[in-house]
Structures are given as structure tokens and as C-alpha cells.
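Chain by chain, the residues:
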Amino acid sequence: MSNTQPAPVASEHVELKARKVAFDWRETPLHWVPGDPFTTHTINVLHLLLPAGERWFVHVYQQALPYITDDRLREDVIGFIGQEAVHSQAHDDVLPHLRRQGLDPTPYTAQVDWFFEKLLGDRTLPPGRARRWWLKERVAMIAAIEHYTAFLGNWVLNAEELDRRGADPMMLDLLRWHGAEEVEHRAVAFELFMHLDGGYRRRVRTWALSFFTLVFLWQRGVRFFLENDPTLLDPKASWRDFHRRGRQGVLPSVPAMLRSIPRYLSRSYHPSQEGDTAQAVAYLASSPGANGGR
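Residue positions are counted from 1 within each chain, in the order its sequence is given. Restriction of local features to residues with pLDDT of at least 70 applies here, the model being predicted, together with a cutoff of 80 or more for giving and counting side-chain atom pairs; totals for whole chains, interfaces and linings are based on all residues. Remark: hydrogens and water are excluded; side-chain values derive from all non-hydrogen atoms of the structure.

### Some remarks on the overall build of the chain
Right, so step 1: Counting its regular elements, the chain contains 12 helices and zero strands.
Right, so step 2: A run of H or I in DSSP becomes a helix once it reaches four residues, and a run of E becomes a strand once it reaches two; helices and strands are each numbered from the N terminus. In the chain, the succession of α and β elements from N to C terminus is α-α-α-α-α-α-α-α-α-α-α-α.
Right, so step 3: Dimensions of the chain along its principal axes, counting C-alpha atoms only, are 55 × 40 × 35 Å.
Right, so step 4: Only protein chains enter the accessibility calculation, which uses a 1.4 Å probe. A residue is then buried if its area is under 20% of the maximum for its type, exposed if over 50%, and partly exposed in between. A burial count over the chain gives 53% of its 294 residues as buried.
Right, so step 5: By the convention used here, residues are in contact when the closest approach between their heavy atoms is within 4.5 Å. Sequence-distant contacts in the chain: of pairs separated by 6 or more residues, those separated by 24 or more amount to 84%.
Right, so step 6: Throughout, the Shrake-Rupley method with a 1.4 Å probe supplies accessible areas, and for residues the shown protein chains are the sole cover considered. Surface exposure of the chain reaches about 13,800 Å², of which carbon and sulfur atoms provide 56%.

Here's what the structure looks like:
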């Protein structure tokens, strides 16, 4: 059962392009949110998940390209692939900095690599229906994940409390550059899913799989960081900590995340209903990192 393509709330289409970015981590402290290792490491999980996850996005979308019959969507997907490849590399470049500060992420990133490359990787399936089914499943998973990357991108663009608390400006620029591009290309994954399939039951099923997998991987990542942080003598983490910092504005709030669920599952959902393209484009024009470190 296919779903009718929901209409965007406004014509916000922009040409997607990969940007040549540059970030210098030499002055960034281990706890880049001062005095708050929990918030620091909760956000740092991005550096563990995104390199492998976005390489996987690129791999799946390269397989999807031959099935795209809409010229504008094809160009959008090509632009999306370019941006995601740069995202993967930019977050990967943070990992040597963490190692220099005594926190080696390799044990966790090895598990994440296995998850995306083996569990969600190409399977030995016969050509035809089975192979197309697995491609559509993965395209639908990416659409669900991109709903949350756009949610997080919109959040970090507006997370003024991080500035007030003196968060490292280089790390904030990385997060906001990435977040702005997630808002900029937020419609592509969903529109590709609708173009290739659009089945509502598949949308719900893959949302549930993606959401609970992300929650599981994220909480494992936070625990890994806290337990391996060489500066912490008694590392502790709880959902209460996450909820409290969400109320304070240094992490996304739990109520806001919960409200995002029915929006994605609504039959009238379209990603253009989320975030602000003009805000994202304005940030990208002013970001030092997104303009080669200038």
C-alpha cells in the first residue's frame, strides 16, 4: 500500500552542494562544555555514530540512483551524497583529537562499523524482488534517521544555552554547520523514499527500528565515553541527567523529541514542515568552518 506524496509547506528548494570545510581541534578541551562532561559526551556520541552511518547512507544512495526517474530528485540525491560524505569525514577527524586527550573510541566505533557494514550492509540476495526489497528497506530507514538528524540540526542551531555556558566555539561551529546542512537537505531522504516506495506500513516499521536502534546506540555511546574518560573518577549517567539537561537547554528536551514522533508518522508529514531553510542557509554563509576556516 503506497502513500500519496505529501506536499511541502512552501517552495524552499535550494541547490545542495558539498562544502570544503576546515576545523582546528588543537584548542578544544576534552570537556568542551565547561564543567559538564555528561553534556559533552552525550553530544560527542555523534562523532562515533556519524562516520560509519553516513558512509552507509552514501553507499545505499549510490545503489538507489539508477532507480530515480525524477531529474530534480536525482540532482538532490547527488548533492545529499556529497554533503553526507563530508559530514562523515569531518566527524571522523575529531577522533584523533579524542585519542590525544586519552580517550580512545576504537572499541565503540568498531561495533558501530560492524552494525552498518555487516548488519545493514549488502546481503547476498538474488537479483530482482528480494534485492529491491532490501534497498527499499534501507532507504526507508535513512528517511526515518534523517527526520531525527534534521530535528537535532534545528535544535543545535537554536541552542543558545550552549553559548551562554561557554561551549567551545570550534565544536559549536562543527555541530551547527552539520546541523544547518541537515536542515538544508532535510526533504531529500523522505522524498527519495516516497519516490521509490512510499508505503505507510514500511514507513512505520522502519521508523520503529531506526528510533529504538538510535536510542540504544546513543546510550551505549554515552556510557562508553563516561567510563573511559581519564579525568572522571566516578562516572555516572542516567535518563534523569538527560531529562534535566534538556530542561536546561543544553540537550534536546525529551518532550520535544516525543512530539517529533507523531509528526513523522502522520500521513500528511513532509520534512519541509520542520526547521527553517533560511536560518540554515544564513548560518552556512557565516560559518567559519563551512567557509574553509576563514
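### Focus: the nonpolar core
Right, so step 1: Only buried residues count toward a nonpolar core. Its members are Ala, Val, Leu, Ile, Met, Phe, Trp, Tyr and Cys residues joined through side-chain atoms within 4.5 Å. If you look at the biggest cluster of nonpolar residues, it comprises 86 residues, and the most contacted ones within it are Trp56, Tyr61, Val77, Leu162 and Leu192.
Right, so step 2: Top contributing element to this core by residue count: helix H1 (residues 37-64), with 14 residues.

### A closer look at the environment of His87
Right, so step 1: Structurally, His87 can be placed in helix H2 (residues 71-92).
Right, so step 2: Distance in space between the C-alpha atoms of His87 and Glu227 is 27 Å, their sequence separation being 140 residues.
Right, so step 3: Sequence-distant contacts of His87, that is, excluding residues within four places in its chain, are made with Glu54, Trp177, His178, Glu181, Glu182 and His185.

### Description of the pattern of salt bridges
Right, so step 1: What counts as a salt bridge is simple: a side-chain nitrogen of Lys or Arg found within 4 Å of a carboxyl oxygen of Asp or Glu. Across all of its chains, the model carries 18 salt bridges by this definition.
Right, so step 2: Across the pair Asp24 and Arg26 runs a salt bridge whose closest N-O atoms are separated by 2.5 Å.
Right, so step 3: Note that Arg244 and Asp241 form a salt bridge whose closest N and O atoms lie 2.9 Å from each other. Residue Arg244 and its partner Asp241 are located together in helix H10 (residues 239-248), separated by three residues, close to a single helical turn.
Right, so step 4: Linked by salt bridges that have partners in common, Asp36, Asp241, Arg244 and Arg245 make up one network.

### Regarding the side chain of Arg19
Right, so step 1: Tracing the sequence through the fold places Arg19 in the segment before H1.
Right, so step 2: The exposure class of Arg19 is buried, given its relative accessible area of 14%.
Right, so step 3: Polar contact criterion, stated in full: a pair of N or O atoms within 3.5 Å, where within protein one must be able to donate a hydrogen and the other to accept it, and residues adjacent in sequence count only if both atoms are side-chain atoms. At a separation of 3.2 Å, a polar atom in the side chain of Arg19 contacts the side chain of Glu184.
Right, so step 4: The contacts of Arg19, once residues within four sequence positions are left out, are Gln83, Val86, Trp177, Glu181, Glu184, Leu284 and Ala290.

### Quick notes on the packing of H2 against helix H7 (residues 169-184)
Right, so step 1: Closest axis-to-axis distance for the H2/H7 pair is 11 Å, and the angle between their directions is 160 degrees. In terms of orientation, H2 and H7 fall into the roughly antiparallel class. Judged by the twist between their axes, the crossing of H2 over H7 is left-handed. Taking contact as the criterion, the partners of Gln83, Glu84, Val86, His87, Ala90 and His91 in H2 are, on H7, Leu174, Trp177, His178, Glu181, Glu182 and Glu184.
Right, so step 2: Class assignment for the residues of the contact of H2 with H7 results in four nonpolar, four polar and four charged. Fitted lines through C-alpha atoms give the axes, limited to the stretch in contact for helices. The angle between two N-to-C directions lies from 0 to 180 degrees. Under this scheme an angle from 65 to 115 degrees is roughly perpendicular, one under 35 degrees roughly parallel, and one over 145 degrees roughly antiparallel; angles in between are oblique. Definitions for this section: a left-handed crossing has its near helix turned counterclockwise from the far helix by less than a right angle. A right-handed crossing has that turn clockwise. Three classes are used: nonpolar for Ala, Val, Leu, Ile, Met, Phe, Trp, Tyr, Cys and Pro, charged for Asp, Glu, Lys and Arg, and polar for all others, with Gly counted as polar.

### Regarding the packing of aromatic side chains
Right, so step 1: Here the aromatic set is Phe, Tyr and Trp, taking the six-membered ring for Trp, and pairing holds for ring centres within 6.5 Å; pairs whose planes are under 30 degrees apart are stacked, those over 60 apart are edge-to-face, and all others are tilted. Overall, the coordinates contain 18 aromatic pairs when judged by the stated rule.
Right, so step 2: Ring centres of Phe190 and Phe193 lie 6.4 Å apart, and the angle between their planes is 55 degrees; this geometry places the pair in the tilted category. Placement of both Phe190 and Phe193 in helix H8 (residues 188-196) is noted, with a separation of three residues, approximately one turn of the helix.
Right, so step 3: Judged by its relative accessible area of 2%, Phe190 falls in the buried class.
Right, so step 4: Here Phe193 falls in the buried class, since its relative accessible area comes to 1%.
Right, so step 5: Look at Phe190 and Tyr269: their rings are 5.0 Å apart centre to centre, the planes differ by 90 degrees, and that puts the pair in the edge-to-face class. Separated by 79 residues along the polypeptide, Phe190 in helix H8 and Tyr269 in the loop between helix H11 (254-265) and helix H12 (277-286) bring together distant segments of the chain.

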